[in-house]
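Spelled out from the first residue to the last, the chains are:
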Amino acid sequence: MTVQHLTVTEDEGEQRLDKWLRRRFPHVTQGAVEKLCRTGQIRIDSARAKASDRVAPGMMIRVPPLPDTEAPARPRAGGISAADERMIQAAVLWKDEHIIILNKPAGLPSQGGSGQGDRHVDGLTEALKFGYKDKPKLVHRLDKDTSGILMLARTDRIARALSEALRHRAARKIYWAVVAGVPHPRQGSIKFGLMKAPGRGRGGEGEKMVCVHPAKMAEHPDAKRAQTDYFTLWFLGARLSWMALEPVTGRTHQLRAHMAEIGHPIIGDGKYGGGESENMGDGWGAGAGGDLSKKLHLHARSLSIEHPITKKMLTFTAPLPEHMARTWKLMDWKESDVPADPFEQIR
């Protein structure tokens, strides 16, 4: 096959370059498209192009010799199954040459560890190389049963820059949760310190965290200061509330432990909320019964961070996981009825 110069037709309309190429050449993988763009072999009107560039009718696309359609499929590296490869690639919300943003499924650990098994995001990063030599690196983590925004860096340099931004609180994360009861006041800050309880936790998530009153921090040298800002977006009588939670600090299990401490455990959180028959303070335990899923109702909804290279402020939003979407439908809650950043108006 030789180099081709193809014109985008009126019927094809305006679309991303990678989508246009894969419609014309279905056998070519996304990774191959990105590599050919990166090496300058695919061009738009003689100019270098990125896979995400948009093409329009009349544009001339230079297409180099492509892999043979009959070429044998390369074996998947790292022992990743075809189903897991599809799953983790479908979780990609956004990517460029430096960063990958995932909507992590609930139930998939971020990393391996005691009790976590071999299947986790870190172990699936081979399927997220998209033509790059090295696997992307996790910049932070989410609990196994928490879904939502998870950020990976494609190089060590970017990983260091993003980690620094998170450490210096130059990034903002907003979580959505459903909690038992209705907090009073409806918005505020929780400033209990956190320390590990003795013994091992269930589910391979490490030790359970114990809250320490701010006035007693000096009595517990192992306790670390923690702060969670919360905002009640919607509520159902006195039973359930839809919460926006912003972790000002990033301690292990911080949101789960803090909400349980003020008597409003997150629905489905057996570790911190107990069973639905337990009455914790003003809440109703971790289960609400009825048709609600018993899975954890905690989702990393959005992330705002400055891009380490372009310096543009980026905001990413992750759709709800299936079990939480069912709860929203059952409660007749509409995502469009609440502000994307409820904390902005009170800063």
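The structure displayed is predicted, hence computed values, not measured ones.

Cut-offs and rules
- Residues numbered from 1 in each chain as written.
- Predicted model: local features only at pLDDT ≥ 70, side-chain atom pairs only at ≥ 80, totals over all residues.
- Heavy atoms only, no water.
- Helix = DSSP H or I, 4+ residues; strand = E, 2+ residues; numbered from the N terminus.
- Contact = heavy atoms within 4.5 Å.
- Phe/Tyr/Trp six-rings, centres within 6.5 Å; stacked < 30°, edge-to-face > 60°.
- Buried < 20%, exposed > 50% of the residue type's maximum accessible area, 1.4 Å probe, protein only.
- Salt bridge = Lys/Arg side-chain N within 4 Å of Asp/Glu carboxyl O.
- Pairing = 2+ DSSP bridges.

*Asks:* Run through the side chain of Arg301, naming residues and quoting values.
*Replies:* In this structure, Arg301 sits in strand β17 (residues 298-306). Those residues in contact with Arg301 that sit more than four places away from it in its chain are Ile149, Ile174, Tyr175, Trp176, Phe316, Thr317, Ala318, Pro319, Leu320 and Glu335.

*Asks:* Could you give an account of the packing of aromatic side chains, with specific residues and numbers?
*Replies:* Within this structure, the stated rule accounts for seven aromatic pairs. Geometrically, the ring pair formed by Trp328 and Trp333 is edge-to-face, given 5.3 Å between the ring centres and 85° between the ring planes. Across this residue pair, the class does not change: Trp328 and Trp333 are buried. What links up through ring pairs into an aromatic cluster is the set Trp176, Trp242, Trp328 and Trp333.

*Asks:* How would you explain the pattern of salt bridges if you had to name every residue and give the values?
*Replies:* According to the stated counting rule, one finds 15 salt bridges in the structure shown. Close ionic contact of Asp143 with Arg256 constitutes a salt bridge, the shortest N to O distance being 3.0 Å. Pair noted here: Asp143 is in the loop between β9 (137-138) and β10 (147-153) and Arg256 is in helix α5 (residues 254-261), with a separation of 113 residues, a long-range link. Pair check on accessibility: Asp143 and Arg256 agree, each one buried. Of the charged contacts in the structure, one is a salt bridge between Arg172 and Asp341, with a shortest N-O distance of 2.6 Å.

*Asks:* Describe the sheet that holds strand β1 (residues 4-7), and please don't skip the residues or the numbers.
*Replies:* Taken in spatial order, the four strands make up an open sheet running β1-β6-β3-β4, and their pairing is antiparallel. In the strand order of this sheet, the two ends are held by β1 and β4 (47-48), each with one partner. Of the pairings in the sheet, the one linking strand β3 (residues 43-44) to β4 comprises two bridges and is antiparallel in character. Bridge pairing links Ile44 to Ala47 in β4.

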